[in-house]
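# Close look at the chain arrangement
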Amino acid sequence: MADNQTDNVTGVKDEVLAGAELASMQKSSVVFKGEHSIRDASLKLEDADMEWWRDAKFGMFLHWGLYAIPARGEWVMHNDKIPADEYARLADQFVAKDFDAGKWARIARDAGMGYMVLTARHHDGFALWNSPSSYSGFCSYQKAAKRDFVAEYTAACREAGLGVGIYYSPMDWRFPGYFQPMELAENAALMKKQGYGQIEELMRNYGKIDILWYDGGWLAHKGTDADSAWFWDPVRLNTLVRKLQPKVVINPRSGWEGDFQCDEGGHEITGAIIDQPWEKCLNLNRASWGYNTRQNLMPLEEIIRTLVNVVGRGGNVLLNVGPDPDGVIPETHVERLREVGNWLRINGQGIYGTRPGPFQPIDHVCCTTFKGNKVYVHVLDWGPSGKIALPGLRQKIVSYSLLSGEALLCVQGNDRIDLSMPQAAGQQVPVVAELVLDADVSPPPGTPEQK
Ligand code: GLC
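Residues numbered from 1 in each chain as written. Predicted model: local features only at pLDDT ≥ 70, side-chain atom pairs only at ≥ 80, totals over all residues. Heavy atoms only, no water.

### Focus: the packing of helix α9 (residues 185-204) against helix α11 (residues 234-244)
Running from amino to carboxyl end, α9 crosses α11 at an angle of 15 degrees, the nearest separation of the two axes being 9 Å. With respect to α11, the axis of α9 lies roughly parallel. Between α9 and α11 lies a crossing whose hand is right-handed. Of α11, the residues touching α9 (which contributes Lys192, Tyr196, Ile199, Glu200, Met203 and Arg204) are Arg236, Leu237, Leu240, Val241 and Leu244. Partitioning the contact of α9 with α11 into residue classes produces seven nonpolar, no polar and four charged. (Axes fitted to C-alpha atoms, helices over the stretch in contact; angles between N-to-C directions. Helix = DSSP H or I, 4+ residues; strand = E, 2+ residues; numbered from the N terminus. Parallel < 35°, antiparallel > 145°, perpendicular 65-115°, else oblique. Left-handed = near helix turned anticlockwise from the far one by under 90°. Contact = heavy atoms within 4.5 Å. Nonpolar A, V, L, I, M, F, W, Y, C, P; charged D, E, K, R; others polar.)

### So, the sheet that holds strand β6 (residues 211-214)
Strand order in the open sheet made by the eight strands is β7-β6-β5-β4-β3-β10-β9-β8, with parallel pairing throughout. On the outer flanks of this sheet lie β7 (249-250) and β8 (261-264), each paired with one strand and no other. Relative to strand β4 (residues 115-121), strand β3 (residues 58-62) is paired through four bridges, and the arrangement is parallel. The residue of β4 that forms the bridge with Met60 is Met116. Relative to strand β10 (residues 315-321), helix α12 (residues 300-311) is tilted by about 150 degrees, and along the sheet it contacts β3, β9 (278-283) and β10. (Pairing = 2+ DSSP bridges.)

### Describing the pairing of β4
Most of β4 is tucked away: seven of the seven residues are buried. Two strands pair when backbone bridges link them, and β4 and strand β5 (residues 163-168) are joined in this way by six bridges, in the parallel orientation. Its bridge partner lying in β5, Val117 is registered against Gly165. Remark: the β4/helix α7 (residues 149-159)/β5 crossover connection has right-handed handedness. (Buried < 20%, exposed > 50% of the residue type's maximum accessible area, 1.4 Å probe, protein only. Right-handed = clockwise from strand over helix to strand, strands pointing away.)

### Considering the pairing of strand β16 (residues 409-412)
Both β16 and strand β17 (residues 416-420) contribute to a ladder of four bridges, which runs antiparallel. Looking at β17, one finds that Gln412 is bridged to Ile417. Connecting β16 to the antiparallel partner β17 that follows it, the hairpin turn spans three residues.

### With respect to the domain arrangement of the protein
What the domain assignment lists for the protein is domain 1 (41-350) and domain 2 (357-437). Here the C-alpha centroids of domain 1 and domain 2 sit 36 Å apart. Surface buried jointly by domain 1 and domain 2 totals about 1700 Å² across both partners, of which 58% is contributed by carbon and sulfur atoms. Inspection of the domain 1/domain 2 interface yields one salt bridge. Among the salt bridges present, the one from Asp363 reaches Arg313, with a minimum N-O distance of 2.8 Å. (Domains from an automatic or database assignment. Buried area = accessible area lost by both parts, 1.4 Å probe. Salt bridge = Lys/Arg side-chain N within 4 Å of Asp/Glu carboxyl O.)

### Section: the sheet that holds strand β11 (residues 355-356)
The five strands are arranged β11-β12-β13-β18-β15 in an open sheet whose pairing can be described as antiparallel. Whereas interior strands pair on both sides, the edge strands pair on one side only; in this sheet they are β11 and β15 (397-402).

The following block contains the structure:
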């Protein structure tokens with residue numbers, strides 16, 4: 001139920017929505033891929049081990065492999081029905097002459113990101129490391145590149161102080177058994193053996209891995225990852241992973257529930273605060289995850305709005321780039337990421353290390369985060385009046401400002417807070433107001449504890 005109040009000064013009606021009332025009106029646009037996965041709490045990390053990931057908020061996803069050569073996205077082998085032996089010849093050309101993982105890491109840092117996740121192996125089966133378990137030696141170390149890209153990448157992440165994330169797709173289109181796991185059970189078993197072997201290599205040979213990001217746990221592209229758990233046996237797989245990497249943060253796409261939930265794609269995020277760790281992954285170039293000559297970059301304001309909408313609902317954002325066949329992240333992507341970094345340098349206090357609340361988000365208008373006695377109001381739209389109204393706070397606001405340094409007015413009443421920005425007209429990119437309180441904030445009930 002909305003509590004419509006009339007602004008005394010302007011006569012404009014503002015909606016003041018609060019807590020559970022608001023939540024009941026909000027329909028979340030988030031769809032979690034691992035929602036029906038197998039539960040096994042014994043494999044899950046403790047909250048304390050997830051804190052670094054929840055504080056980081058923003059990471060770089062990298063889709064890079066042989067598919068960068070045809071430059072039509074990472075599904076090209078399947079979509080264009082390229083036979084496996086013909087596709088495999090791309091490995092003769094894949095030398096990645098300009099690959100420099102240190103450069104990738106610097107780009108991520110400049111964008112304000114705290115971790116990276118690289119497709120060590122996608123659905124095409126080509127491994128970016130020295131992989132003895134690879135079926136028919138289909139890996140960069142044994143082919144033309146003769147390099148272990150995962151070794152270089154993991155070292156560069158650590159050097160730059162970024163969390164080290166590895167994406168791995170157990171499914172592999174080269175195996176007919178993937179498409180007919182019952183009829184071609186022996187072939188499917190070979191694929192599974194390769195998967196277990198490669199996960200073990202990745203978890204054993206590259207030092208501490210911070211994130212393991214599975215994908216493609218389904219079979220024959222049908223159903224969900226959880227539907228295929230009978231085949232992959234994800235509890236056994238992740239028991240092995242936990243032995244080798246006790247603190248690695250695992251996503252839910254293996255068919256086991258994982259340590260966080262995943263929402264995929266560029267759709268707008270609406271709805272209430274989500275009381276479990278989650279991550280939205282999406283593409284900077286909307287054409288595809290893997291390198292594509294077609295370019296359709298997300299505008300800056302859309303990236304920032306996504307970041308704010310996700311963080312204000314308790315999630316992280318994993319933003320994808322697709323480096324070209326030489327290993328270069330296209331300059332247009334780098335430039336856009338730099339712009340995001342510039343925004344974060346000014347407004348990052350309202351993002352990093354915060355928790356969502358104390359207020360529920362108001363779709364398309366604003367969301368709030370907090371840390372200690374500071375509340376950050378991320379304003380998406382000031383409306384025609386240049387004002388927004390929030391529910392009241394028990395604590396007293398002792399000072400307020402916009403992190404951008406622009407002018408802000410704030411009036412605290414008993415049961416509402418009015419904010420207005422004189423220069424709000426035409427403002428596209430969200431601005432962040434910092435409200436300093438005389439005491440710490442208590443989050444809305446059901447929200448995970450603040451750091
Ligand atoms: C989908 C696609 C895959 C991409 C992934 C990223 O599962 O199949 O190509 O890597 O989304 O989340």
